[in-house]
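Close look at the chain arrangement
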Amino acid sequence: EPHAPLPEDLHADVADLIQSTFVACVEGQERYEGAGSFKSWLLGIAFRLLCHYYRSKRRMSARIDFASVSAADLAPSPSEVLKARPDERLMLAALRRIPLEHQTLLELVFWEEFTAAEAAAVLGMPLGTAKSRIRRARQLLREQLEAQADSPALLESTLTRLDDWARGLRAQLDHDE
C-alpha cells in the first residue's frame with residue numbers, strides 16, 4: 001500500500017539526514033576499523049546524526065536524554081504511517097511513546113535482526129548495558145501496549161504477534177526497496 005507523503009519541510013529534513021549520514025560515512029571511512037559489521041558502523045553514524053538533529057530542533061541549551069525522551073516527545077505530530085490492523089496501530093503508537101534510545105534498540109533487534117552486541121556497537125555502549133536496556137525496552141513497550149490497548153483481546157493479539165509483526169514489517173520493507 002502507498003505511504004502518505006511527508007510534509008515538505010519534513011521531507012527536506014529526511015533528505016538532509018540521509019545525505020549527512022552518507023557524507024559522514026565517506027569522510028570517516030578511515031576510522032572504520034572493521035571490528036564490527038559495516039552496517040552497524042553506518043547505523044551508528046545515522047543514530048548520532050538523528051540525535052544531533054533532534055537536539056538542534058529543540059534549540060535548547062539543555063541536553064536531550066535519549067534514554068528518557070520518546071519520538072512522540074520530539075515530534076508529537078501523528079504518525080504518517082497508517083496501518084489497517086488495530087494491532088499494528090497499537091504497536092506503532094506504543095513504540096513512539098518509549099524513549100528513543102530504547103525504541104532504536106528494539107528496532108535494531110526486531111527489524112534489523114541485530115544481536116545485542118551489534119546493537120551495542122551501533123549505539124556506542126557496552127554489551128552489558130545494551131542487554132539491560134533491551135530488557136528494559138521490552139518492559140517499557142509492554143507497559144505502553146497495556147496503557148493504550150482498547151481491549152484485553154487486542155493487547156493479547158499484539159503481544160503474541162510481536163515476532164510475526166516484526167517479520168512482516170521486514171518483508172514489507174524489503175519488498176518496497
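Anyway, here's the lowdown on the structure attached to this text. A quick note: this is a predicted structure, and the numbers were derived from the prediction, not measured.

**Considering the nonpolar core**
- In terms of nonpolar packing, the biggest core is built from 20 residues, with Tyr-54, Phe-66 and Leu-123 touching the most fellow members.
- At the level of secondary structure, the elements contributing two or more residues to this core comprise helix H2 (38-58), helix H5 (100-110), helix H6 (116-123) and helix H7 (127-148).
- Among the elements that take part in this core, H6 stands out by supplying five residues, more than any other.
- With residues up to four places along the chain from it excluded, the contact list for Leu-123 reads Phe-47, Glu-101, Thr-104 and Leu-105.

**Digging into the packing of H7 against helix H8 (residues 152-160)**
- As a packed pair, H7 and H8 sit with axes 9 Å apart at the nearest point and diverge in direction by 155°. Considering their axes alone, H7 and H8 lie roughly antiparallel with respect to each other. Remark: the crossing between H7 and H8 carries right-handed chirality. Residues Arg-142, Leu-145 and Glu-146 of H7 form the contact with H8, whose participating residues are Leu-155, Thr-158 and Leu-159.
- Taken together, the residues that form the contact of H7 with H8 break down as three nonpolar, one polar and two charged.

**Observations concerning the side chain of Glu-101**
- Assignment of secondary structure puts Glu-101 in helix H5.
- The contact partners of Glu-101, leaving out residues within four places of it in the chain, are Phe-47, Phe-66, Ala-67, Leu-123, Met-125 and Arg-133.

**A closer look at the environment of Leu-92**
- Locating Leu-92 in the fold gives a position in helix H4 (residues 86-97).
- C-alpha separation for the pair Leu-92 and Leu-145, spaced 53 residues apart in sequence, amounts to 9.6 Å.

**Considering H7**
- When the terminal C-alpha atoms of H7 are compared, their 31 Å separation across 22 residues agrees well with the 32 Å that a helix rising 1.5 Å per residue should span.
- Every buried residue belonging to H7 is among Ala-130, Ile-134, Ala-137, Leu-140, Leu-141 and Leu-145, and all of these are buried. In an axial view of H7, the angular spread of the buried residues amounts to 135°, which keeps them on one side of the axis. Opposite the buried face of H7, at more than 90 degrees from it, the exposed residues are Arg-135 and Ala-147.

**Some words on the environment of Leu-106**
- Tracing the backbone shows Leu-106 in helix H5.
- On the accessibility criterion, Leu-106 (1% relative accessible area) is buried.
- Separated by 32 residues in the primary sequence, Leu-106 and Arg-138 have C-alpha atoms spaced 7.5 Å apart.
- Leaving out residues up to four positions away in the same chain, Leu-106 has contacts with Leu-95, Ile-98, Trp-111, Ile-134, Ala-137, Arg-138 and Leu-141.

**Overview of the pattern of salt bridges**
- Following the criterion strictly, the structure yields three salt bridges and no others.
- For Glu-101, the salt bridge identified is with Arg-133, shortest N-O distance 2.5 Å. Placement of the pair is Glu-101 in helix H5 and Arg-133 in helix H7, with a sequence separation of 32 residues.
- By relative accessible area, which is 11% here, Glu-101 ends up buried.
- With relative accessibility at 27%, the residue Arg-133 sits in the partly exposed group.

**Things to note about a nonpolar patch on the surface**
- A contiguous nonpolar patch, built from Val-14, Ile-18 and Phe-22 and spanning about 250 Å² of accessible area, is present on the exposed surface.
- For Ile-18, the position within the fold is in helix H1 (residues 8-27).

How each quantity is defined
Residues numbered from 1 in each chain as written. Predicted model: local features only at pLDDT ≥ 70, side-chain atom pairs only at ≥ 80, totals over all residues. Heavy atoms only, no water. Core = buried A, V, L, I, M, F, W, Y, C linked by side-chain atoms within 4.5 Å. Buried < 20%, exposed > 50% of the residue type's maximum accessible area, 1.4 Å probe, protein only. Helix = DSSP H or I, 4+ residues; strand = E, 2+ residues; numbered from the N terminus. Contact = heavy atoms within 4.5 Å. Axes fitted to C-alpha atoms, helices over the stretch in contact; angles between N-to-C directions. Parallel < 35°, antiparallel > 145°, perpendicular 65-115°, else oblique. Left-handed = near helix turned anticlockwise from the far one by under 90°. Nonpolar A, V, L, I, M, F, W, Y, C, P; charged D, E, K, R; others polar. Expected span 1.5 Å × (residues − 1). Arc of directions from axis to C-beta. Salt bridge = Lys/Arg side-chain N within 4 Å of Asp/Glu carboxyl O. Patch = residues over 30% accessible without salt bridge, like charges linked within 9 Å, V, L, I, M, F, W, Y side chains within 5 Å. Areas by Shrake-Rupley, 256 points an atom, 1.4 Å probe, with all protein chains shown as cover.

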